[in-house]
Amino acid sequence: MTISDNLTKFHGRDVVDFESGEPLPDPARTASRLTITYDGPYNEFSDLWADFMNSAGVEQTEAVIIGNWAELDGGPVPSEQAVRLIVSSAERLPKLRALFFGDITSEENEISWIEQSDVSAFWGAFPNLEEFGIRGGNQLQLGAIKHAKLKTLKVESGGLPRAVVHEIGAAELPELEHLEIWLGSDSYGGDSRPQDLAGMLDGKRFPKLVTLALRDCEWADDLAATLATAPILDRIKRLDISLGTLGDAGVDALVASPAVRRLQHLNIAHHYVSDAGVAKLTALEIDVNAADRKEVDRYGDEEHRYVAVSE
Amino acid sequence: MSPSPNDERRTALFAAGTPLQAVIVGTTGDPRMTNYQAARARAGLSPALLLDYRDLIADPMGAAARIATPALARIESPGRDPQVLAGLLARGIEKSARLNLHHVPRAEIERLVRERGRLLPPRQLYFGMESVLSALAERAHDSGVPGDIQLVPDVGTILLAFDKSACHRHLAACHVSVPPALTTVDSFEALMTAMRAAGLHRVFVKLQHGSAAAGAVALATSKFGMSAITTVEVVPSAAGLRLYNTRALRRYASRADIARLIDALAPYGLHVEAWIPKASVEGRIADLRVVTIAGEPEFRVLRKSRYPITNLHLGGERAEASVLLSRMPARAVTALDETCRAVARAMPGALQLGIDIAVATGLVRHYVLEVNAFGDLLKGVTTREGLDTYDVQLRAMERAA
């Protein structure tokens, strides 16, 4: 699987592409997407951003989605300049509550080829942010994450560098309710291991966390075993380990965990669990999503399981 | 051969004074034949006389001579019948050999067409089609009064539509929006050089005479590596690499594998275009098949897929075109319809055309990806009045008569 759709809803709003010269849509009901399209009206993100900033009523904007920040034919361009532009306009966006950075489909660029950069300046620039999402793990740095209002943090990648996992594990996000990370494949830079999750799972952070989503994990059985005894599990209501490689061993670890039995919802969609394994989960009195079972690839003695999103 | 670029041809196509003998050139048992004859029956018309490709292949001139005048002969796709395909491949040897182009010798054809999924050399098939259809064109030309035997579509249009490079050039010359194309790519190295020179990082490599996405490769390059999503499976054998069409799309990620793939396809003749990033709907990548009839876009179908190659037999799903069109600005939808009309004007020898169109991300720009001369087989798709593509064609001809 690859990313085959743009966001159509974001922060509870319909997504509307920004068009120069058109009045900005109702900020309470819509999110504006700014993206360089194929053969479209803009070649430079700076021109697109300038037109957006010069639109009447832009200061009322509450939700923004950034798609491509560079021409599609030009090959990958790091996100650095786009980040700098957006941050430098922060005072023109005092009401910004939601930002998604990198709404790029596989038709435009592979998720593993998106070139991010240090985006840590967003935290200080937008103090009213409640939701932040980003796609692409290459060169991504979240820095020292400290934010008083952020409720939702999503980091999507085909392979998330270990250093970023550590940054998230050290984050100071007292209001965080939804944490979603796509760990991805080692072949695409996802070099984290269970021990790298310690900061996220030890229960010392994220006092208001409701949903923990550690998706697209290549070592999902080990992840399940780690989660089964993780202090954070006592706090959350929803656990999402979908898009990964979960098998029967991981299921056994989950069903043995008292904390798992107290969840409201468990999502393992895209998994390698047997019928018997799925039955063990559905026997728990929690809501389980076990859709999209995959078959193990076998080459001789070798077994291969794949995450849903990598390249 | 190029289609007659004027409206006289179209007038001749429909201006039938005396009762015409209705002929259909096709392969017995093919659903296109059945569907067309069924539509004739619904319209209260007698069945069209069948001229089977098998007869046309066995004796092109003799079979063509069986068309009595005045006649209107609808030319259909030869379909997938192995015997017909073998016959066309055999008819394609002579020209392939004369032009010193890669082809399969007679002795190997039978085994090739019987082997499940084997990629058949499309240019050789094309030359075979050209050879047998030329007999029809000649018969039409020699039948006496011009237009006494009308071929629909005419042979020039069929051949143009089946040559992606020629069709691309023709449409571009007619100011139809098509993706930028790369010329003279005959190897992986040549492809890399051409992509660099054009500043293209993402291309669609197609077989110049291929159909139904056979041999198509969606190739993306970046400093991080390469990716090729393809309908082709490369299987090494003692006699070299064998190519198969696969219904489960393959992905190759190493430069060596991709080079091997492109170099294996190159002898068949390549057509390379920029990969237009297609808009998405409902979580899927989508493109449009528009069927024009008598110049007007009459049917629009959306094809959705997880992958850049959206053909229905490759896992694509059909959906209502309105799902995409309703998200586009009104002016962009109008422009898309105008493009379909422009394609029909550029190929006036056809009554119907199946036009594949990509709407790019941003939902404004669109590009014609393919034109199918036999693109009207849309299973289960009807107008609001319950008419299928064949019904609408018969009505269009009735109106014009």
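This structure is a prediction, so every number in the text was calculated from the model and none was measured.

> Which residues make up the interface of chain A and chain B, and what values do they have?
You'll often see interface size given as the accessible area lost when the parts meet. In this assembly, 27 residues from chain A lie in contact with 34 residues from chain B. Surface buried jointly by chain A and chain B totals about 2500 Å² across both partners, of which 48% is contributed by carbon and sulfur atoms. Contact with chain B buries surface across chain A, with Tyr38, Glu107 and Trp113 of chain A losing the most and accounting together for 33% of the total. Linking chain A with chain B are five salt bridges. With a shortest N-O distance of 3.8 Å, Lys278 of chain B and Glu107 of chain A are connected by a salt bridge. Run the count over chain A and chain B and you get ten residue pairs in polar contact (both at pLDDT 80 or more). Taken together, the residues of the side of chain A that touches chain B sort by class into six nonpolar, twelve polar and nine charged.

> So what's going on with the domain arrangement of chain A? Residues and values would help.
The domain architecture assigned to chain A consists of domain 1 (1-105) and domain 2 (142-311). Averaged C-alpha coordinates put domain 1 of chain A and domain 2 of chain A at centres separated by 30 Å.

> Hey, could you go over the packing of helix α1 (residues 45-53) of chain A against helix α2 (residues 80-88) of chain A for me, with residue numbers and the actual values?
All names here are of chain A. For the pair α1 and α2, interaxial distance at closest approach is 10 Å and the crossing angle is 20°. In this view, α1 runs roughly parallel relative to α2, as classed from their interaxial angle. Note that α1 runs across α2; the crossing there is right-handed. Judged by residue contacts, Phe45, Ser46 and Trp49 of α1 engage Gln81, Ala82, Leu85 and Ile86 from α2.

> Which residues make up the packing of aromatic side chains, and what values do they have?
Remark: the centre distance and the inter-plane angle together describe each pair of aromatic rings, the angle taken between the planes. Under the criterion given, the structure shown has 14 aromatic pairs over all chains. Aromatic side chains Phe45 of chain A and Trp49 of chain A sit 6.0 Å apart centroid to centroid with 20° between the ring planes, which places their arrangement in the stacked category. In this pair, Phe45 of chain A and Trp49 of chain A both sit in helix α1, four residues apart, roughly one turn of the helix. Per residue, the accessibility class of Phe45 of chain A equals that of Trp49 of chain A, and both read buried. Consider the rings of Tyr126 of chain B and Phe127 of chain B, whose centres lie 6.0 Å apart with planes at 55°: the pair is tilted. What makes Tyr126 of chain B buried here is its relative accessible area of 12%. Taken together, the aromatic side chains of Trp69, Phe101, Phe122, Trp123, Phe126 and Phe132 of chain A make up a single cluster linked through ring pairs. One residue, Arg118 of chain B, lies across the ring of Tyr244 of chain B, its end atom 5.7 Å from the ring centre. Sitting above the plane of the Trp275 of chain B ring, Arg202 of chain B keeps its charged end 4.4 Å from the centroid.

> Describe the pattern of salt bridges, and please don't skip the residues or the numbers.
Under the defined criterion, the tally for this structure stands at 52 salt bridges over all chains. The closest approach of N and O atoms between Arg262 of chain A and Asp234 of chain A, which form a salt bridge, is 3.1 Å. Of this pair, Arg262 of chain A sits in the loop between α8 (258-261) and β11 (265-267) while Asp234 of chain A is found in the loop between α6 (220-228) and β10 (238-240), placing the two residues 28 residues apart along the sequence. By relative accessible area, Arg262 of chain A is classed as exposed at 56%. Accessibility expressed as a relative area gives 53% for Asp234 of chain A, which makes it exposed. With a shortest N-O distance of 2.8 Å, Arg74 of chain B and Glu76 of chain B are connected by a salt bridge. No difference in accessibility class separates Arg74 of chain B from Glu76 of chain B, as the two residues are buried. One continuous salt-bridge network, built from bridges that share partners, spans Asp17, Arg33, Asp103, Arg135 and Glu156 of chain A.

So, how was this worked out
- Residues numbered from 1 in each chain as written.
- Chains lettered and ligands numbered in written order.
- Predicted model: local features only at pLDDT ≥ 70, side-chain atom pairs only at ≥ 80, totals over all residues.
- Heavy atoms only, no water.
- Contact = heavy atoms within 4.5 Å.
- Buried area = accessible area lost by both parts, 1.4 Å probe.
- Salt bridge = Lys/Arg side-chain N within 4 Å of Asp/Glu carboxyl O.
- Polar contact = N/O pair within 3.5 Å; in protein donor to acceptor, adjacent residues only side chain to side chain.
- Nonpolar A, V, L, I, M, F, W, Y, C, P; charged D, E, K, R; others polar.
- Domains from an automatic or database assignment.
- Axes fitted to C-alpha atoms, helices over the stretch in contact; angles between N-to-C directions.
- Helix = DSSP H or I, 4+ residues; strand = E, 2+ residues; numbered from the N terminus.
- Parallel < 35°, antiparallel > 145°, perpendicular 65-115°, else oblique.
- Left-handed = near helix turned anticlockwise from the far one by under 90°.
- Phe/Tyr/Trp six-rings, centres within 6.5 Å; stacked < 30°, edge-to-face > 60°.
- Buried < 20%, exposed > 50% of the residue type's maximum accessible area, 1.4 Å probe, protein only.
- Lys NZ or Arg CZ within 6 Å of the ring centre and 35° of its normal.

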